[in-house]
Amino acid sequence: MGSGIEKLRDLLEQKKGDIVEEWIRRIQHTYPEETASFLEEEGNQFANPIGASINQSVWPLYDEIISGHDSDNLYKCLDYLIRVRAVQDFAPTAAVAVVNFLKDIIREKILDDIESQGLFREYLSVERRIDNAMLAAFDIYMKCRERVWEIRHNDITQRPFILSGGMCASYMLRRGKKHLEKMKCGKNPSLN
Amino acid sequence: MAKELTPQEMLRIDLSPPTQDWMDIPVEIKPGIYCYPAKPEKIEIVGMPNPHEWNPLDDDWNLPEGWKETFLEGMRERLDKHRSFKIFMDICVRCGACADKCHFFLGSGDPKNMPVVRGELIRSIYRGEFTKAGKILGRLAGGRKLTEEVLKEIWSYMFQCTECRRCSLFCPYGIDTAEITIIGRELLNLLGLNINWIQEPVANCYETGNHLGLLPHTFVQNIEFLLMDIEEFVGIKIEPSFNRKGAEILFITPSGDVFAEPGIYTLMGYLMIFEHIGLDYTWSTYACEGGNFGFFTSLEMAQRLNAKMYHEAERLGVKWILGGECGHMWRVVHQYMNTFNKPVPTMEEPVSPITGTKFENAKSLKMVHMSEFTADLIKHGKLNLDPSRNDHYKVTFHDSCNPSRGMGMFEEPRYIIKNVCNHFYEMPENTIREQTFCCGSGSGLNAGENMELRLRGGLPRANAAKYVHEKYGVNMLANVCAIDRAVLPASMEYWCPEMQVAGVSELVANALIMEGEGPRTMNLRGEEIPGRAPAEEESEGNEDV
């Protein structure tokens, strides 16, 4: 006879298909109705990149939340899902809240079983893991937003227009980089 | 006592998208998805109507008096003038075949980015203002009146379409939604509602011949800098000519390649290829822009800016024009140039002086694509190549929208890449060739302020690039478009940071064995080629004295 947590994991494993499919459906329905229908119906991952980002993230994410031991993998699983939502028309809360859907779904689907088998205490630790996954999602969301701003910044500083007059931007930037590299190496650079 | 909040109410997380009909959902213009408006002085330079100050985030756009009549009269004129536009307004049955084909829809999930709905934005005005059924039945007949709110919606979505024409490929009636966008933007231009990222290059191009506003000496100077790099990395000194009368060929390429990375490496590639084969050609400091942002403004503006190509060919007395790697430049050149402007009688049917190949496809146009020219050189064994110099690259090819869907060029770039690189992998078939996904920033939307929009639009292409990166280790996204080279690095930085971007001619030049060249331990980017580092840098100390 296994421990309580093992019994709970077995239960969550048995219901995995049911739970994850509902989780995916609810994430799809954070988009307008016409879009959600498309995300549900189109199975080709290249014709449906948002759908692909959800599918590729949520299945392994479920495993990682239920029984994972690898924090890096947790971030990896969440990355594509959150990366896509971070540039779409979602408030920050709405972008990461999709992780939390899992709590509602588990409660709806198997709370009775959890209670009847006396696994409620063990289930609290699963909820804690879901909370942690949402915190990780927030980290990723912030990194993505910072990345967008970095890219915007790079785009502006490397933009050809900022130069008036005589020098090729890329040429000067590269010369500058070389100059810095030589400085770092302790050499005495000449800019000529 | 106040009502207790539910957990959802507590955080104000709204996860229920709007459920109304699209016509009832008001447009929301948000930072990150729109481009800044055109500066009035840039509109004045080219004499376009109604230049004025306005801000897309304000309620009042300072629209000119009689704006509604101006818009509708403009629409009436275009319905009469362009039979295609009239047909596209009449025949759409809203079957939805195009709905899920747009990169902006696929990346944003916004149903108004379905091409059918983007078209409906204008079609609903057509029905509501021009057809009897629409005038009488209104919404029942899919019609509505033009109001300020509707105008704002049209503005927002006309600048969320890159005119890539992927949707048109799937329309059973052949409706080209890009042409609806083209007309839509023309109508907005009648009211002074262009975006500055298009208008300023147009004004620059009108004044200096190129989008960047480079004066002739600057244009030459920048190419000279690149020649210095070639000398350093390749060991070859090249002295091209500028504005030389009597040259056999005039070479025209987008000015983006003169200035910005990684386009400059493509331009270095052109210089090296031409030197290698001893081509009798010249650059022009007047026709110094292949691109044409006029095409994103109005067809008349596209025509005005395009005129310099044949003018310059005539002034310099060249036989034909060779065009660099560019996207929309080739849409304009291939599909409009010789009807926009009269070909010069002294020009001849292009014949490669190196191989003798007649480019019969360019008989009327008298302009040949760089990839056609290079593929022919390779086919005839005129380039001495060492593809192993590109062995550190695992390459895939992104078909740019206009050369692929606009002129049907699929094989030449692939043929070239396979001859200059040993590792080539295709992206999935529903993302390449005629089904290629746009970079997400074409048609003048490559500004910085609309980065979220660009990243959304870039997702479908990046999704396929990420797949070949993960499956085969692909690390180089080759293409034949200057806008691709300008914008894909930003997109890849977000979606697939290990992927670099290069023009095809850069890869050719890396592999090119030139007479008298140095040890070739560096590529054109000044990076050491793995496994080819010099044994010992003996003279390093002297350099720094």
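The rules behind these values
Residues numbered from 1 in each chain as written. Chains lettered and ligands numbered in written order. Predicted model: local features only at pLDDT ≥ 70, side-chain atom pairs only at ≥ 80, totals over all residues. Heavy atoms only, no water. Helix = DSSP H or I, 4+ residues; strand = E, 2+ residues; numbered from the N terminus. Rg over C-alpha atoms; globule rule 2.2 N^0.38 Å. Buried < 20%, exposed > 50% of the residue type's maximum accessible area, 1.4 Å probe, protein only. Contact = heavy atoms within 4.5 Å. Areas by Shrake-Rupley, 256 points an atom, 1.4 Å probe, with all protein chains shown as cover. Lys, Arg positive; Asp, Glu negative; His and termini not counted. Charge placed at Lys NZ, Arg CZ, Asp CG, Glu CD. Pairing = 2+ DSSP bridges. Axes fitted to C-alpha atoms, helices over the stretch in contact; angles between N-to-C directions. Buried area = accessible area lost by both parts, 1.4 Å probe. Salt bridge = Lys/Arg side-chain N within 4 Å of Asp/Glu carboxyl O. Polar contact = N/O pair within 3.5 Å; in protein donor to acceptor, adjacent residues only side chain to side chain. Domains from an automatic or database assignment. Phe/Tyr/Trp six-rings, centres within 6.5 Å; stacked < 30°, edge-to-face > 60°. Parallel < 35°, antiparallel > 145°, perpendicular 65-115°, else oblique. Nonpolar A, V, L, I, M, F, W, Y, C, P; charged D, E, K, R; others polar. Right-handed = clockwise from strand over helix to strand, strands pointing away. Arc of directions from axis to C-beta. Bend = angle between axes of the 7 residues up to and from the residue.

### Some points on the overall build of chain B
- On a plain count of helices and strands, chain B comes out with 23 helices and seven strands.
- Its C-alpha atoms give chain B a radius of gyration of 25 Å, near enough to 24 Å, the size a compact globule of 545 residues would have.
- Along the first, second and third principal axes, the C-alpha set of chain B runs to 85 × 65 × 50 Å.
- Relative to its 545 residues, chain B shows a buried fraction of 64%.
- The long-range share in chain B, meaning contacts at least 24 apart out of those at least 6 apart in sequence, stands at 77%.
- Carbon and sulfur atoms provide 50% of the accessible area of chain B, an area that totals close to 20300 Å².
- Charge separation in chain B, taken as the distance between the mean sites of 55 positive and 76 negative side-chain charges, equals 9 Å.

### Focus on the sheet that holds strand β2 (residues 281–283) of chain B
Residue and element names in this part refer to chain B.
- Taking strand neighbours across the sheet as the criterion, the four strands line up as β2-β1-β3-β4 in an open arrangement whose pairing is parallel. The open sheet has two edge strands, β2 and β4 (367–369), and neither has a second partner. Put simply, the sheet's adjacent strands are angled 30 degrees from each other on average, direction ignored.
- Pairing between strand β1 (residues 249–252) and strand β3 (residues 320–323): four bridges, direction parallel.

### Overview of the interface of chain A and chain B
- Across the contact, 53 residues belong to chain A and 60 residues belong to chain B.
- Approximately 5100 Å² of surface area, both sides summed, lies buried where chain A meets chain B, with 56% of it carried by carbon and sulfur atoms.
- Along the contact surface separating chain A from chain B lie three salt bridges.
- Here arginine 147 of chain A ties to glutamate 493 of chain B by a salt bridge, and the two come within 3.6 Å at their closest N and O atoms.
- Along the contact surface separating chain A from chain B lie eleven residue pairs in polar contact (both at pLDDT 80 or more).
- Ranked by residues supplied to the side of chain A that touches chain B, first place goes to helix α8 (residues 120–157) of chain A with eight residues.

### Thoughts on the domain arrangement of chain B
Residue and element names in this part refer to chain B.
- Domain assignment breaks chain B into domain 1 (20–193) and domain 2 (201–511).
- Taken together, the contacts link 33 residues of domain 1 with 38 residues of domain 2.
- Here domain 1 and domain 2 share an interface that buries about 3100 Å² over both sides, 62% of which is from carbon and sulfur atoms.
- Among the residues domain 1 hides against domain 2, the three largest losses belong to Val46, Arg165 and Arg166. Together they make up 18% of the total.
- Scanning the region where domain 1 abuts domain 2 turns up two salt bridges.

### Points about the packing of aromatic side chains
- Under the defined criterion, the tally for this structure stands at 27 aromatic pairs over all chains.
- Grouping aromatic residues by their ring pairs yields a cluster made of Tyr34, Tyr36, Trp54, Trp61, Trp155 and Phe159 of chain B.

### Some details on the packing of helix α3 (residues 67–81) of chain B against helix α4 (residues 83–91) of chain B
All names here are of chain B.
- Two numbers describe how α3 lies on α4: the axes approach to 5 Å, and their chain directions differ by 105 degrees. Classified by the angle their axes make, α3 and α4 are roughly perpendicular. Residues Met75, Arg78, Leu79 and Lys81 of α3 touch α4, and the partners they reach there are Arg83, Phe85, Lys86 and Met89.
- The residue makeup of the contact of α3 with α4, split by class, is four nonpolar, no polar and four charged.

### Things to note about the pairing of β3 of chain B
Residues and elements named next belong to chain B.
- Burial of β3 is two-sided: the residues Trp320 and Leu322 facing one way and the residues Ile321 and Gly323 facing the other way are all buried.
- As defined by bridge partners, β3 adjoins β4 across three bridges and the pair is classed as parallel. Considered in β4, the bridge of glycine 323 is made with histidine 369.
- In the classification by handedness, the crossover that spans β3, the intervening helix α16 (residues 328–340) and the parallel β4 is right-handed.

### With respect to the side chain of histidine 398 of chain B
All names here are of chain B.
- Tracing the chain through its elements places histidine 398 in the loop between β5 (395–397) and α18 (401–406).
- Here histidine 398 falls in the buried class, since its relative accessible area comes to 0%.
- Within the structure, the side chain of histidine 398 is placed 2.8 Å from the side chain of arginine 461, a separation counted as a polar contact.
- In this structure histidine 398 touches Met427, Thr436, Phe437, Cys438, Cys439, Arg461, Leu477, Ala478, Asn479, Asp484 and Leu488, once residues within four positions along its chain are discounted.

### So, unusual backbone geometry
Residue and element names in this part refer to chain B.
- The peptide bond linking glutamate 261 to proline 262 adopts the cis configuration, its omega dihedral lying at -5 degrees.
- Unusually for a residue other than glycine, asparagine 62 sits at a positive phi of about 50 degrees.
- Within the element layout of this structure, asparagine 62 appears in the loop between α2 (40–45) and α3.
- One non-glycine residue, lysine 366, adopts positive backbone phi at about 65 degrees.
- Mapped onto the fold, lysine 366 is located in the loop between α16 and β4.
- Residue classification places lysine 366 among the buried positions, given a relative accessible area of 14%.

### Quick notes on the pattern of salt bridges
All names here are of chain B.
- Scanning the model with the defined rule gives 46 salt bridges over all chains in all.
- Lysine 39 is the partner of glutamate 200 in a salt bridge, and the nearest nitrogen-oxygen pair spans 3.2 Å. Separated by 161 residues along the polypeptide, glutamate 200 in helix α11 (residues 196–208) and lysine 39 in the loop between α1 (7–11) and α2 bring together distant segments of the chain.
- On the basis of relative accessibility, which here comes to 11%, the residue glutamate 200 falls in the buried class.
- Put simply, glutamate 517 and arginine 389 hold a salt bridge, and the shortest N to O gap is 2.7 Å. Taken together, the positions of glutamate 517 in the loop between α22 (504–511) and α23 (540–543) and arginine 389 in the loop between α17 (370–379) and β5 put the pair 128 residues apart, joining distant regions of the chain. Accessibility classification places glutamate 517 together with arginine 389 in one group, the buried group.

### As for α4 of chain B
Residue and element names in this part refer to chain B.
- If you check which residues of α4 are buried, you get Phe85, Phe88 and Met89. All buried residues of α4 lie within an arc of 100 degrees about the axis, which places them on one face of the element.
- Residues of α4 that are buried in the fold lie against α3, α6 (115–130) and α10 (177–190).

### Details of helix α20 (residues 451–472) of chain B
Residues and elements named next belong to chain B.
- Of all the bends in α20, the largest measures some 50 degrees and sits at leucine 459, one to four residues before the proline proline 460.
- Extensive coverage of α20 is indicated by the burial of 17 of its 22 residues.
- With its phi angle positive at about 80 degrees, glycine 473 sits one or two positions after the end of α20.

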